[in-house]
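Spelled out, the chains give:
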Amino acid sequence: MSTGRARDRASLGAAVRLSVTAAATTWAAMLSWRGFTELASQFLFALVAVGAVIAVSGALGRWRRLPGPVVFLGQAVAGSIVTCWYVGGRPWPDTAFWTAIDEAFSAAQTYAAPVPSTGDISVQPLLAIGGLAAMLLVDLLACTLRRVPLAGLPLLTVYSVPVSMLDGGLSWWVFVLTALGFLMMLFLQEQEHVGRWGRSLDPAQTSSHRSEAVRGSALLVGVLATAGAVVAPLVIPTFSLEVFDLGAGPGGNNQITIENPLTDLRRDLRRGPDIDLVQITTDDPTPDHLRISVLNRFSDNEFSSGDRDVPAANLADGPLPALQGVSEDVLAAATSYSYEVRIDEDFESRWLPTQAPIGAIDASGDWRYDDA
């Protein structure tokens, strides 16, 4: 009886360790979503409770040898209860829950990241639901199906989502925490497999000695692998598209990408620190502002420059077209002034800042134009 109880306690301990590690690793990957909102601590604290519930319920269900679908269903119900409580204030999805979800969708479509969290403006419900889905999927693959390598796919997805949506880069320490957690899951799974091989044939090599040796080797390999993944991109040369930008010739069938400058009343119009990005020298006695783009289209929630048709053959080379609707007599009597504009490297825009109207412009780079 004592041997069986010890084996049950060991089995429960192993299940809890793997489940907690899977939840903690997913939570570490969710740290990369901090840039989506100004109050990231709200949904991150909620995900701590969600991860704890999923880890404990999953470990107990697997320890009791329940079928995998039953374990996953129990985890989904338990995690959903905590999430609904956080989003709507009740352990079930009521009217307040769905109202918060609708407001979160509206805020996500209206505001650019980081979305403010004031009044009805909040995207925390969407982030909490995304974290719940990620934790359920990682626990299912790593703990229930015992396929830790496959669990790396949802972890990579969670970590990679902000890459295409946030302007700034991701923190290296978030990658380190996620990578170490994933390697720890691999170690726990393989340690359990090795532990089932039986007792060592060498009497001098006890199970504790073997565990300590394996643990030390795994720790060394994990640290070196993670450190290499962080340092390697700093020393390995990479190519950018500018390397093959050979001039303003016709080139091949290159696709041109245009970004519409959108106005965000909360972030873009908020006064920030004064940073000199543009310097202008002119002989114009009454200089006017530069124009980047015309926001001539409004679609319910945002202004944009509308659809643009910029063929690759529209090279910005040659005389500018004459002003439409202006006679030659008016143009002949007009006075021209010169503007010298210097743009700092921190000024990020795919649009060329210029005056309007202009008679000629000289700007370095491969610029294209829209006929309209």
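Residues numbered from 1 in each chain as written. Predicted model: local features only at pLDDT ≥ 70, side-chain atom pairs only at ≥ 80, totals over all residues. Heavy atoms only, no water.

## A few points about the overall build of the protein chain
(1) Moving on: Looking only at helices and strands, the protein chain features 9 helices and 4 strands.
(2) Moving on: Mapped in sequence order, the helices and strands of the protein chain form the string α-α-α-α-α-α-α-α-β-β-β-α-β.
(3) Moving on: For the protein chain, with 372 residues in total, the buried portion stands at 26%.
(4) Moving on: Surface exposure of the protein chain reaches about 24,600 Å², of which carbon and sulfur atoms provide 60%. (Helix = DSSP H or I, 4+ residues; strand = E, 2+ residues; numbered from the N terminus. Buried < 20%, exposed > 50% of the residue type's maximum accessible area, 1.4 Å probe, protein only. Areas by Shrake-Rupley, 256 points an atom, 1.4 Å probe, with all protein chains shown as cover.)

## Focus: the packing of aromatic side chains
(1) Moving on: If you walk through the whole model with that rule in mind, you get 3 aromatic pairs.
(2) Moving on: Their ring planes at 55° and their centres at 6.1 Å tell us that Tyr159 and Phe175 sit as a pair that is tilted. Within this pair, whereas Tyr159 is found in helix 6 (residues 148-160), its partner Phe175 is found in helix 7 (residues 172-195), the two being separated by 16 residues in sequence.
(3) Moving on: Residue Tyr159 is classed as buried on the basis of its relative accessible area, which comes to 17%.
(4) Moving on: For Phe175, a relative accessible area of 28% puts it in the partly exposed group.
(5) Moving on: Lying over the aromatic face of Trp63, Arg64 brings its terminal NZ or CZ to 5.3 Å of the ring centre. (Phe/Tyr/Trp six-rings, centres within 6.5 Å; stacked < 30°, edge-to-face > 60°. Lys NZ or Arg CZ within 6 Å of the ring centre and 35° of its normal.)

## A closer look at the confidence of the model for the protein chain
(1) Moving on: Residues with a pLDDT of 70 or more make up 74% of the protein chain, whose mean pLDDT is 78.
(2) Moving on: The secondary-structure element of the protein chain with the lowest mean pLDDT is helix 8 (residues 207-235), recorded at 60, while helix 3 (residues 68-88) shows the highest, at 95. (pLDDT = per-residue confidence, 0-100.)

## Details of helix 2 (residues 40-63)
(1) Moving on: With 24 residues, helix 2 extends 34 Å from end C-alpha to end C-alpha; this agrees with the ideal 34 Å at 1.5 Å per step.
(2) Moving on: Arg65 lies just past helix 2 and shows a positive phi near 60°. (Expected span 1.5 Å × (residues − 1).)

## A few points about a nonpolar patch on the surface
(1) Moving on: A cluster of nonpolar side chains, namely Leu73, Val77, Ile81 and Trp85, defines an oily patch on the protein surface of about 410 Å² accessible area.
(2) Moving on: Within the secondary structure, Ile81 is located in helix 3. (Patch = residues over 30% accessible without salt bridge, like charges linked within 9 Å, V, L, I, M, F, W, Y side chains within 5 Å. Salt bridge = Lys/Arg side-chain N within 4 Å of Asp/Glu carboxyl O.)

## A word on helix 5 (residues 124-144)
An α-helix turns once every 3.6 residues. As a result, residues three or four positions apart point the same way.
(1) Moving on: For helix 5, spanning 21 residues, the distance from its first C-alpha to its last is 28 Å, which sits close to the expected 30 Å at 1.5 Å a residue.
(2) Moving on: The element helix 5 is extensively covered by neighbouring structure, given that 16 of its 21 residues are classed as buried.
(3) Moving on: Arg146 sits one or two positions beyond helix 5 and adopts a positive phi of about 60°.

## Overview of the pattern of salt bridges
(1) Moving on: Applying the stated criterion to the full structure yields 4 salt bridges.
(2) Moving on: Taking the shortest distance from any N to any O, the salt bridge between Arg342 and Glu340 comes out at 3.4 Å.
(3) Moving on: When its relative accessible area of 46% is taken as the criterion, Glu340 is described as partly exposed.

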